Amino acid sequence: RRPRTVWISTALVLGAMALGLLQLDANGLSQADQFTTRQASVVGEHALSRHFPAGAGQPVVVVGNADRSAEIRTAFAGVQGISEVGEPETKDGLVRFEGTLAAEPDSEEAQRTVERVRDAVHAVPGGDALAGGLTAMNLDINEANKHDNRLIIPLVLLVVLVILAILLRSLVAPLLLIATVVLSFAAALGVSALVFRHVFGFAGEDTSFPLYVFVFLVALGIDYNIFLMTRVREEGERLGTREGVLRGLTITGGVITSAGVVLAATFAALAVLPILFLAQIAFIVAFGVLLDTL
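Residues numbered from 1 in each chain as written. Predicted model: local features only at pLDDT ≥ 70, side-chain atom pairs only at ≥ 80, totals over all residues. Heavy atoms only, no water.

Peer 1: Which parts of the structure should I look at to understand the packing of aromatic side chains?
Peer 2: The relative placement of two aromatic rings is captured by the distance of their centres and the angle of their planes. Considering all chains together, one arrives at nine aromatic pairs under this definition. Feature note: the residues Phe196, Phe200, Phe202, Phe209, Phe283 and Phe287 constitute an aromatic cluster, connected by ring pairs. (Phe/Tyr/Trp six-rings, centres within 6.5 Å; stacked < 30°, edge-to-face > 60°.)

Next up, the structure:
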């Protein structure tokens, strides 16, 4: 009876839930924070760091031209955050150095050190030096994930918009439907960020987390919209817009809700695994699907 009141109040509630995004910390996780239970490997790593330099087990590796060995070593050893550089290993015209990190190898400070190492050794003329190792790999993965978030999310929305426009033979309706799905996604992500931080006490989220969640929730939310709006369009051609919407929702709503409840329960089962990323996916997808479907 009061559609405008309903959609405005609903949008405001979802918008308030989306404010939890301010608590989202999707900047990557240390190896110790990737589990929901106490693991022997993490205990061992902490014991190692108490008695030896934090980065002793995972050095930064620099490889360059052997004829610039001295310059590369000097540049490498002079980087802030590198506590020691080992003796060079030379083979086939290349030289290899291992440097010990002062910070834990999976920390943000260690990644900043790798960036400084790369800047320093790249500046050696004719050295053609490259920096690798576990910390460098994690840094590159995080940067790739952030790039993917910026690229893939807009592409997914564009493809979905085209599909909806073709299906509904409309432009305004697809834009409105995408807006509802994005708002629902933001609300689910915001609530999850608050729960992760203040209820479960998780350290943060992986850099790939927003993209995985976006793909799952937007795909499912758009599916439900397609199921509903296809029926609404069919009924609206016979009964008119208002009656078509009511008829489509009456017939299709129960099926969508049932499918959503089953899917939410299926994803929730991932929470029993001791891996933090999967536990977070389990919660947010289950919550987001229920938010969409109910």
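Still more to cover.
Peer 1: It is not clear to me how the nonpolar core should be interpreted in this structure. Could you clarify?
Peer 2: In summary, soluble globular proteins display a tendency toward joint burial of nonpolar side chains. Counting 35 residues, the largest nonpolar core has Leu217, Ile222 and Ile284 as its most contacted members. When residues of this core are traced back to their parent elements, those giving at least two are α5 (134-168), α6 (172-198), α7 (209-239), α8 (241-268) and α9 (276-293). Broken down by element, this core gets its largest block of residues, twelve residues, from α7. Those residues in contact with Leu217, other than ones at most four positions away along the chain, are Val181, Phe185, Ala188, Ile284, Val285, Gly288, Val289 and Asp292. (Core = buried A, V, L, I, M, F, W, Y, C linked by side-chain atoms within 4.5 Å. Buried < 20%, exposed > 50% of the residue type's maximum accessible area, 1.4 Å probe, protein only. Helix = DSSP H or I, 4+ residues; strand = E, 2+ residues; numbered from the N terminus. Contact = heavy atoms within 4.5 Å.)

Peer 1: For this particular structure, what's the right way to read the confidence of the model for the chain?
Peer 2: Regions with low pLDDT carry predicted coordinates that are not meant to be interpreted in detail. On average, the chain scores 90 in pLDDT, and the residues at 70 or more come to 99%. Mean pLDDT values for the elements of the chain range from 79 in helix α2 (residues 40-51) up to 96 in strand β1 (residues 60-65). (pLDDT = per-residue confidence, 0-100.)

Peer 1: What is the right way to look at helix α4 (residues 108-122) in this model?
Peer 2: Two residues of an α-helix separated by three or four positions point the same way, owing to the 3.6 residues in each turn. Over its 15 residues, α4 extends 21 Å from the first C-alpha to the last, a length consistent with the 21 Å expected when each residue adds 1.5 Å. Of all the residues in α4, the buried ones are Ala110, Gln111, Thr113, Val114, Val117, Arg118 and Val121. The buried residues of α4 occupy an angular sector of 155° when the element is viewed end-on, so they sit on one face. Looking at the buried residues of α4, the elements they touch are β1, α3 (69-77), β2 (82-85), β4 (94-101), β5 (130-132) and α5. (Expected span 1.5 Å × (residues − 1). Arc of directions from axis to C-beta.)

Peer 1: In this structure, what is going on with α9? I would like to understand it.
Peer 2: In this model, α9 (18 residues) spans 26 Å end to end at C-alpha, consistent with the 26 Å of a helix rising 1.5 Å per residue. Taken together, the buried positions of α9 are occupied by Leu276, Ala279, Gln280, Ile281, Ala282, Ile284, Val285, Ala286, Gly288, Val289 and Thr293. On the buried face of α9, the contacting elements are α6, α7 and α8.

Peer 1: What am I meant to see in the pairing of β4 here?
Peer 2: Both faces of the sheet carry side chains from a regular strand, because those side chains alternate between them. Judged from the six bridges that link them, β1 and β4 form a sheet pairing that is antiparallel. In the sheet register, Val62 faces β4, and the bridge partner there is Phe97. Relative to β4, strand β3 (residues 89-91) runs antiparallel, the two sharing three bridges. Bridge pairing in β4 links Lys91 to Leu94. With antiparallel pairing between neighbouring strands as the criterion, β3 and β4 make up a hairpin whose turn holds two residues, including Asp92 at a positive phi of roughly 50°. (Pairing = 2+ DSSP bridges.)

Peer 1: I would appreciate a short explanation of the packing of α6 against α7 in the present structure.
Peer 2: Helix packing geometry: the angle between the two helix axes and the distance between the axes. Their axes nearest at 9 Å, the elements α6 and α7 cross at an angle of 140°. Classified by the angle their axes make, α6 and α7 are oblique. Seen from above, α6 lies across α7 with right-handed handedness. Here Leu177, Ile178, Thr180, Val181, Phe185, Ala188, Leu189 and Phe196 of α6 come into contact with α7, specifically with Phe209, Pro210, Val213, Phe214, Leu217, Val218, Gly221, Ile222, Asn225 and Met229. Among the residues making up the contact of α6 with α7, the classes are represented as 15 nonpolar, three polar and no charged. (Axes fitted to C-alpha atoms, helices over the stretch in contact; angles between N-to-C directions. Parallel < 35°, antiparallel > 145°, perpendicular 65-115°, else oblique. Left-handed = near helix turned anticlockwise from the far one by under 90°. Nonpolar A, V, L, I, M, F, W, Y, C, P; charged D, E, K, R; others polar.)

Peer 1: Just to check I follow, could you spell out the packing of α5 against α7 for this structure?
Peer 2: Close contact between α5 and α7 brings their axes to 11 Å; oriented N to C, the two are set at 5°. For the element pair α5 / α7, the angle class is roughly parallel. For the pair formed by α5 and α7, the contact residues are Asp148, Asn149, Ile152, Ile153, Val156, Leu157, Val160, Leu164, Leu167 and Leu168 on the first element and Pro210, Leu211, Phe214, Val218, Ile222, Ile226, Met229, Thr230 and Arg233 on the second.

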